[in-house]
Amino acid sequence: MKTVLSGIRSTGNLHLGNYFGAVKNFVKMQHQNKCYFFIADYHSLTTHPTPQNLHKNVRQVLVEYLAAGLDPELATLYVQSDVPEISELYLLLNMNAYLGELERTTSFKDKARKQPDNLNAGLLTYPVLMAADILIHNSHYVPVGKDQEQHLEMARKFARRFNNMYKCNFFNEPEPYNFGEALIKIPGLDGTGKMGKSEGNGIFLIDEDKTIRKKLMRAVTDQGPTTPNSTPPEPVENLFKIMKIVSDEITYKFFKEQYANCSIRYGDMKKQLAEDLIKLITPLRENIYRINSDNDYIRKVASIGAERARESAGKTLKEVRKIMGFKSF
Ligand code: TRP
């Protein structure tokens, strides 16, 4: 059984793009691997959240991932800051991470441009903390999106460097977990690119029925086709893409045909898509509300997860300390 680790950003509500692009795959993954899912709250400190927001964000993310199907019986689900072994490994790895390579990281250079007045050392060593997250369980695989590929590459480099420096073969070089054909990209509702956090572009798992209807009514389209069998422009094609994933095949084909013969009324298509989205989202939203009101359950999940994560992390750290030459008197 392979160890798969996935780090989850500690802010933001889940939208359909996250759900189909990542979470549904996590839910499947947890049956086939030894999975660790954790909420990266230390990483979020790089942008200085208020103490009140810090906790609220972590809680919300935990609740929504549980609601979407992460199963604390199958996987180890924890909060990064509940596992102090990660911080210790981060300190140790920092000694073998070089200023030049950290400064050259794309994400760091981005921040240097965007927030020059808060270019803290946490941002510089962000990839080291991420490597510590991964290596602390000696993970084999990490599912990562495009924006995290370089960070994973650095974790591989730090693992390799440790093995070379101490002439051992202790750390695995973690590889990207490949979802294969299962990877689904959900476009946004504003006719541009993929679904994100921006207002109007995304449908969130906590959205109420009327919010979903309103968002669909506002979704970008055009005047409608005038020549038969034409290719829809991107915003309309995006709605078809969502429909293909969310609605049943008959419905999808029905509107495709109407588009092809120029009889389509976007209002009808949007109404249908809104109702199909509501069918999908309602049980997820209800899960969120149910779990959100159950403090005991949330506390139990977090504490069992932390306990299991610390057990595995402690084993790794003990070996690392031994390899590096730490000894007690
Ligand atoms: N940096 C990741 C992100 O922004 C989150 C993350 C932190 C992570 N530590 C990780 C992802 C370890 C994978 C493995 O999405």
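Residues numbered from 1 in each chain as written. Predicted model: local features only at pLDDT ≥ 70, side-chain atom pairs only at ≥ 80, totals over all residues. Heavy atoms only, no water.

Caption draft 1: Structural context of the packing of aromatic side chains. On inspection of all chains with the given rule, the structure shows 13 aromatic pairs. Arranged with centres 5.9 Å apart and planes meeting at 90 degrees, the rings of Phe240 and Tyr259 form a pair that is edge-to-face. One end of the pair, Phe240, is in helix α11 (residues 234-246); the other, Tyr259, is in helix α12 (residues 249-260), and 19 residues separate them in sequence. In this pair, the class of Phe240 matches that of Tyr259, namely buried. Taking 5.0 Å as the distance between ring centres and 85 degrees as the angle between the ring planes, the aromatic pair formed by Phe254 and Phe255 counts as edge-to-face. Residue classification places Phe255 among the buried positions, given a relative accessible area of 4%. (Phe/Tyr/Trp six-rings, centres within 6.5 Å; stacked < 30°, edge-to-face > 60°. Helix = DSSP H or I, 4+ residues; strand = E, 2+ residues; numbered from the N terminus. Buried < 20%, exposed > 50% of the residue type's maximum accessible area, 1.4 Å probe, protein only.)

Caption draft 2: Representation of the packing of α11 against α12 in the model. Where α11 contacts α12, the two axes come as close as 9 Å, and the packing angle between them is 160 degrees. By the angle between their axes, α11 is roughly antiparallel relative to α12. Crossing hand, α11 versus α12: left-handed. Along the contact surface, α11 presents Val236, Glu237, Phe240, Met243 and Lys244, while α12 presents Thr251, Tyr252, Phe255, Lys256 and Tyr259. Along the lines of polarity and charge, the residues of the contact of α11 with α12 split into six nonpolar, one polar and three charged. (Axes fitted to C-alpha atoms, helices over the stretch in contact; angles between N-to-C directions. Parallel < 35°, antiparallel > 145°, perpendicular 65-115°, else oblique. Left-handed = near helix turned anticlockwise from the far one by under 90°. Contact = heavy atoms within 4.5 Å. Nonpolar A, V, L, I, M, F, W, Y, C, P; charged D, E, K, R; others polar.)

Caption draft 3: Structural detail: helix α1 (residues 16-32). The end-to-end C-alpha separation of α1 is 24 Å, in line with the 24 Å expected for 17 residues at 1.5 Å each. In α1, a bend of some 35 degrees at Ala22 exceeds every other bend along the element. Within α1 the residues assigned to the buried category are Leu16, Gly17, Tyr19, Phe20, Gly21, Val23, Asn25, Phe26, Met29 and Gln30. (Expected span 1.5 Å × (residues − 1). Bend = angle between axes of the 7 residues up to and from the residue.)

Caption draft 4: Local environment of the pattern of salt bridges. One pass over the full model with this rule turns up 19 salt bridges. Here Glu249 ties to Lys253 by a salt bridge, and the two come within 3.0 Å at their closest N and O atoms. Placement of both Glu249 and Lys253 in helix α12 is noted, with a separation of four residues, approximately one turn of the helix. Where Lys322 meets Glu319, a salt bridge forms, and the shortest distance between an N and an O atom there is 3.9 Å. Of this pair, Lys322 and Glu319 both sit in helix α14 (residues 295-324), three residues apart, which is roughly one turn of that helix. (Salt bridge = Lys/Arg side-chain N within 4 Å of Asp/Glu carboxyl O.)

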